[in-house]
Amino acid sequence: MSHSSEYPLVSIVVPTRNRSGWLGDCLTTLVSQDYPAERYEIVVVDDGSTDDTRKVVTEMTARTRSPSVRYLCHSGGVNAARNRGIAASSGSIVGFIDDDELAPSQLLGVAVKLLTDNPSAVAVGGEYRSRLEGKRPRFACTNCAENYKSIRAPRETRSAIVDDLPGGCVFLRRQAFEKYGLFAESLSGPGDDSEWFRRTREGDGTLLQSPELWIWHRMTERDFLPGSLVKKHVLGTANLVAARQLMGWESGVGDEVMQALRFLGHGLRRRCVVGSVRGLGQSALAVRWIQVTHGKRWENQRSSVLRSVMSALAASRLKKPARLVQPPLQEEKR
Ligand SMILES: [Zn+2]
């Protein structure tokens, strides 16, 4: 039995920067996957670290003969690092894992099976499960501490076609890069990977999200400090809105407002600061989103109302019997 026919070659690309402490743990979980070691490789792309990242990777390379662990240095942002990893690797499937994650041993096998069973999908993504290392702060409820990235809804139970996938737990077919191009290197921050997914969707690519695929996302108590929470959930909303626009996302404003209320309600009910801050962030997001998606219409309506009021005021000053002057229809349409 030939492994090559049964198990496609997979390249796991890990972009990293100044997180050598966690990177070693991440690599340890990646080299011990339940998948034939000779059928996958790990490519670490160092985006300009100033710590001992290189040493951590080369030590792992020396310890592990198979799968191969390679170190590349390529500064220029996370998308440039991703592209460097794609160019330097050879798997027919390319996976992207972040350095602050720990992979369960079945991760690779599940990703390959999902892509094999769903030939029309160009990429499959998983979910982040939060792993809090240290004590839970009292002002964060158990739910928010354990399920940091989504308190919004119970976990999905089925695979689904989605608009966007998480950049830190995703496996893609190499052919997709030949067809849709590489990641946009000018982008950095929220939306850096979402732009590629949008491009793929516009080119009829199908993105699959499956609850069978998941990864641990590590967190410490510091992630729950008020400063960190505000930075992440409130100050980051402008970036998030820009990313949504880039993706051509058409989400209803009602959903955004409901989401904000749900978080705020949760925060009050459970006396959970995390929920409250997320509620504030979601409210800010809803307002920004309304401005972006409905801004034009609002502006038109506002100026139309303003014109009516001004005309009414002007008319009331006249000595002649007051006559409400309607704003010219043509201007109103503009
Ligand atoms: Zn909570």
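Residues numbered from 1 in each chain as written. Predicted model: local features only at pLDDT ≥ 70, side-chain atom pairs only at ≥ 80, totals over all residues.

Trainee: How do you make sense of the overall build of the protein when you look at a structure like this?
Mentor: On a plain count of helices and strands, the protein comes out with 13 helices and nine strands. Counting only residues that meet the buried cut, the protein has 34% of its 334 residues in that class. Within the protein, contacts between residues at least 6 apart in sequence are counted, and of these 81% link residues at least 24 apart. (Helix = DSSP H or I, 4+ residues; strand = E, 2+ residues; numbered from the N terminus. Buried ≥ 20, exposed ≤ 12 C-beta atoms within 10 Å, placed from the backbone. Contact = placed C-beta atoms within 7 Å.)

Trainee: What exactly am I supposed to notice about the pairing of strand S4 (residues 93-97) here?
Mentor: For a regular strand, side chains alternate in direction, first toward one face of the sheet and then toward the other. Buried residues dominate S4, accounting for five of its five residues. Side chains Ile93, Gly95 and Ile97 project from S4 onto one buried face, and the interleaved Val94 and Phe96 project onto a second face that is buried too. Across four bridges, strand S1 (residues 10-16) lies against S4 in parallel orientation. Bridging across to S4, Val10 finds its partner in Ile93. Two strands pair when backbone bridges link them, and S4 and strand S8 (residues 169-173) are joined in this way by five bridges, in the antiparallel orientation. Pairing of Ile97 across the sheet is with Cys169, part of S8. (Pairing = 2+ DSSP bridges.)

Trainee: Can you help me understand helix H8 (residues 194-202) in this one?
Mentor: One turn of an α-helix holds 3.6 residues; hence residues three or four places apart share an orientation. Taken residue by residue, H8 has Ser194, Trp196, Phe197, Arg198 and Thr200 as its buried positions. At the C-terminal side of H8, Asp204 shows a positive phi close to 70 degrees.

Trainee: I keep staring at the nonpolar core and nothing clicks. Help me out?
Mentor: Soluble globular proteins: nonpolar side chains tend toward being buried together. If you look at the biggest cluster of nonpolar residues, it comprises 48 residues, and the most contacted ones within it are Ile97, Ala111, Ala123 and Val124. Looking at which element gives the most residues to this core, the answer is helix H5 (residues 107-117), with six residues. Ignoring any residue separated from it by four or fewer positions in sequence, one finds Ala111 in contact with Gly95, Val124, Phe171 and Leu213. Core analysis: the second largest hydrophobic core is formed by nine residues, Ala145, Cys272, Val274 and Val277 among them. (Core = buried A, V, L, I, M, F, W, Y, C linked by C-beta atoms within 7 Å.)

Trainee: What is the right way to look at helix H3 (residues 53-63) in this model?
Mentor: Within H3 the residues assigned to the buried category are Thr53, Val56 and Val57. The buried side chains of H3 occupy one side of the element, clustering within an arc of 95 degrees when seen end-on. Residues of H3 that are exposed and point over 90 degrees away from its buried face: Lys55 and Ala62. Against the buried residues of H3 lie S1, helix H2 (20-31), strand S2 (40-46) and strand S3 (68-73). (Arc of directions from axis to C-beta.)

Trainee: Which parts of the structure should I look at to understand the packing of H2 against H3?
Mentor: The angle between the axes and the distance between the axes are what describe a pair of packed helices. For the pair H2 and H3, the least separation of the axes is 9 Å and the interaxial angle reads 20 degrees. On the basis of their axis angle, the class for H2 and H3 is roughly parallel. Like other packed secondary-structure pairs, H2 and H3 cross with a definite hand, here right-handed. Every residue of H3 that contacts H2 at Ser20, Leu23, Gly24 and Leu27 is listed here: Thr53, Val56 and Met60. (Axes fitted to C-alpha atoms, helices over the stretch in contact; angles between N-to-C directions. Parallel < 35°, antiparallel > 145°, perpendicular 65-115°, else oblique. Left-handed = near helix turned anticlockwise from the far one by under 90°.)

Trainee: What should I look at first to understand the pairing of S2 in this one?
Mentor: Among the seven residues in S2, seven count as buried, and that is most of the element. On S2, burial covers both faces: Tyr40, Ile42, Val44 and Asp46 on one face and Glu41, Val43 and Val45 on the other are all buried. Pairing between S1 and S2: seven bridges, direction parallel. Note on S2: the bridge partner recorded for Val10 is Tyr40. Tracing the backbone out of S1, into H2 and back to the parallel element S2 gives a crossover that is right-handed. Strand direction decides the pairing type here: S2 and S3, joined by six bridges, are parallel. Its bridge partner being in S3, Val43 is matched across the sheet by Arg70. (Right-handed = clockwise from strand over helix to strand, strands pointing away.)

Trainee: Which parts of the structure should I look at to understand unusual backbone geometry?
Mentor: Excluding glycine, most residues fall at negative phi; most peptide bonds, likewise, are trans. A cis geometry characterises the amide bond from Ser66 onward to Pro67, with omega recorded as 0 degrees. Here Pro67 shows up in the loop between H3 and S3. Here Asn18, not a glycine, exhibits a phi torsion of approximately 50 degrees, which is positive. On the secondary structure map, Asn18 appears in the loop between S1 and H2. In this structure, Asp204 takes a positive phi of about 70 degrees despite not being glycine.

Trainee: Whenever I open this one, the environment of Val124 confuses me. Can you help?
Mentor: For Val124, the position within the fold is in strand S6 (residues 121-133). Separated by 37 residues in the primary sequence, Val124 and Ile161 have C-alpha atoms spaced 9.3 Å apart. Not counting chain neighbours up to four residues away, the residues in contact with Val124 comprise Ala111, Leu114, Leu115, Phe171, Leu208, Ser210 and Leu213.

Trainee: Got a minute to help me understand the confidence of the model for the protein in this structure?
Mentor: Per-residue pLDDT for the protein averages 84, and the proportion of residues at 70 or more is 83%. Segment residues 150-154: pLDDT under 50, and six contacts once partners within four positions in sequence are set aside and those in other chains are kept. Per-residue pLDDT stays below 50 along residues 318-334; that stretch engages in 15 contacts with residues further than four places along the chain or on separate chains. (pLDDT = per-residue confidence, 0-100.)

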